[in-house]
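Here is what each chain is made of, one letter per residue.
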Amino acid sequence: MNETKYVAFSTQKGGAGKTTLTVLVASYLHYVKGYNVAVVDCDFPQYSVHDMRKRDLKAIMEDEYYKSMAYEQLKRLEKNPYPIKCSRAEDAIKTAEQLCESHPNLDFVFFDLPGTINNVDVVTTIAKMDYIFTPIIADRVVMESSIKFATVINEQMISTGKSCIKGLYLVWNMVDGREKSELYKAYDKVCAEFALPILNTFLPDSKRFRKETGTERKTVFRSTAFPADKTLVRGSNLDKLADEILEIIKN
């Protein structure tokens, strides 16, 4: 990959998992696949990714198990945890450019954006993305909001050529295996009618996606300092999701 790609897991509806997906994919690409990654956390005022990094570092400093994990990882990979910078939406691209200057070999910069399309600063930043992945869940309110969000970007930015966006893809998240497949087929049909492509890979609804560093939980799934534990990756489809995203971006 010759140039840094700007990627966002973005939607205007909270609770769909955009921050979790940002961290999971960024960490998997950085620590497992060998890419160089950075994250710009624009989700003011909570800055969830930045706060997660603080929790990760606290665990490493205070817990011998995580301290040993971090040391062994640094020795094996010979690379530090990826940089995370907080930024307001209007300054996000400038922040990313500064990251690229200080880390000249970056393959990806991931953006965790605020959940709105009505803010001109957010719209301007979205227009600078290379790829957007919008998480969707089988909930009518979330689906209507997500389809509206994706359709606006598709019609006003991608189709018109008034942006840098090369593609927008929906991602099924929190898929409940107990629900009838007809429900998802119905939503897939609606998305197809709006010409919104959906990734083949879906992520199941599982408690593992909330498993962070902590004094009582040694296996980690969601972390900015470590990749998802191999035993927890099995059945999560995280590896398949990362591979499908890479395939899209490389082509």
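About the cut-offs
All residue numbers here refer to positions counted from 1 along the written sequence of the relevant chain. Residues qualify for local features only when their pLDDT is at least 70, as the model is predicted, and side-chain atom pairs are given and counted only at 80 or more; totals for whole chains, interfaces and linings, by contrast, use all residues. By convention in this description, side-chain values take in all heavy atoms of the structure and omit both hydrogens and water. We call Phe, Tyr and Trp rings a pair once their centres come within 6.5 Å, taking the six-membered ring for Trp, and we label the pair stacked below 30 degrees between planes, edge-to-face above 60, and tilted otherwise. A helix here means a DSSP run of H or I that spans at least four residues, while a strand means a run of E at least two residues long, and both kinds are numbered starting from the N terminus. The buried label goes to any residue with under 20% of its type's maximum accessible area, the exposed label to any with over 50%, and the partly exposed label to all in between, with areas taken from a 1.4 Å probe on protein chains only. Criterion for a charge above a ring: Arg CZ or Lys NZ at most 6 Å from the ring centre, at most 35 degrees from the ring normal. One speaks of a salt bridge when a side-chain nitrogen belonging to Lys or Arg is within 4 Å of a carboxyl oxygen belonging to Asp or Glu. Each pair of strands is called paired provided DSSP finds at least two bridges between the two strands.

## With respect to the packing of aromatic side chains
The geometry of an aromatic ring pair is captured by two quantities: the separation of the ring centres and the angle between the planes. For the structure on display, the rule yields 13 aromatic pairs. Aromatic side chains W172 and Y184 sit 4.8 Å apart centroid to centroid with 80 degrees between the ring planes, which places their arrangement in the edge-to-face category. Of this pair, W172 sits in strand β6 (residues 167-172) while Y184 sits in helix α7 (residues 181-193), placing them twelve residues apart in sequence. Both residues of the pair, W172 and Y184, belong to the buried class. Taken together, the ring pairs in this structure connect F9, Y35, F108, F110, F133 and Y169 into an aromatic cluster. Directly above the aromatic system of F44 lies the positively charged group of R88, at a separation of 3.8 Å from the ring centroid.

## Examining the pattern of salt bridges
Applying the stated criterion across every chain yields a total of twelve salt bridges. For the salt bridge of D43 with K18, the shortest nitrogen-to-oxygen distance reads 3.5 Å. On the criterion of sequence distance, the pair formed by D43 in the loop between β2 (37-41) and α2 (48-62) and K18 in helix α1 (residues 18-32) is long-range, its members being 25 residues apart. Of the two residues examined, D43 and K18, each falls in the buried class. Here E212 ties to R55 by a salt bridge, and the two come within 3.1 Å at their closest N and O atoms. Separated by 157 residues along the polypeptide, E212 in the loop between α7 and α8 (230-233) and R55 in helix α2 bring together distant segments of the chain. A relative accessible area of 40% places R55 in the partly exposed class. The network of salt bridges with shared partners includes K18, D43 and D112.

## Section: the pairing of β2
Of all five residues in β2, five are buried, a share of seventy percent or more. Burial along β2 is two-sided: V37, V39 and D41 and A38 and V40, pointing in opposite directions, are all buried. Judged from the five bridges that link them, β2 and strand β4 (residues 108-112) form a sheet pairing that is parallel. In the strand pairing of β4, V37 is matched with F108.

## Quick look at unusual backbone geometry
Backbone phi values are negative for most residues with the exception of glycine, while trans is the configuration of most peptide bonds. At the junction of F44 and P45, the peptide bond is cis and its omega measures out at 5 degrees in the coordinates. As for its placement among the helices and strands, P45 is situated in the loop between β2 and α2. Of note in the backbone geometry, E78 takes a positive phi value of approximately 55 degrees without being a glycine. The exposure class of E78 is exposed, given its relative accessible area of 71%.

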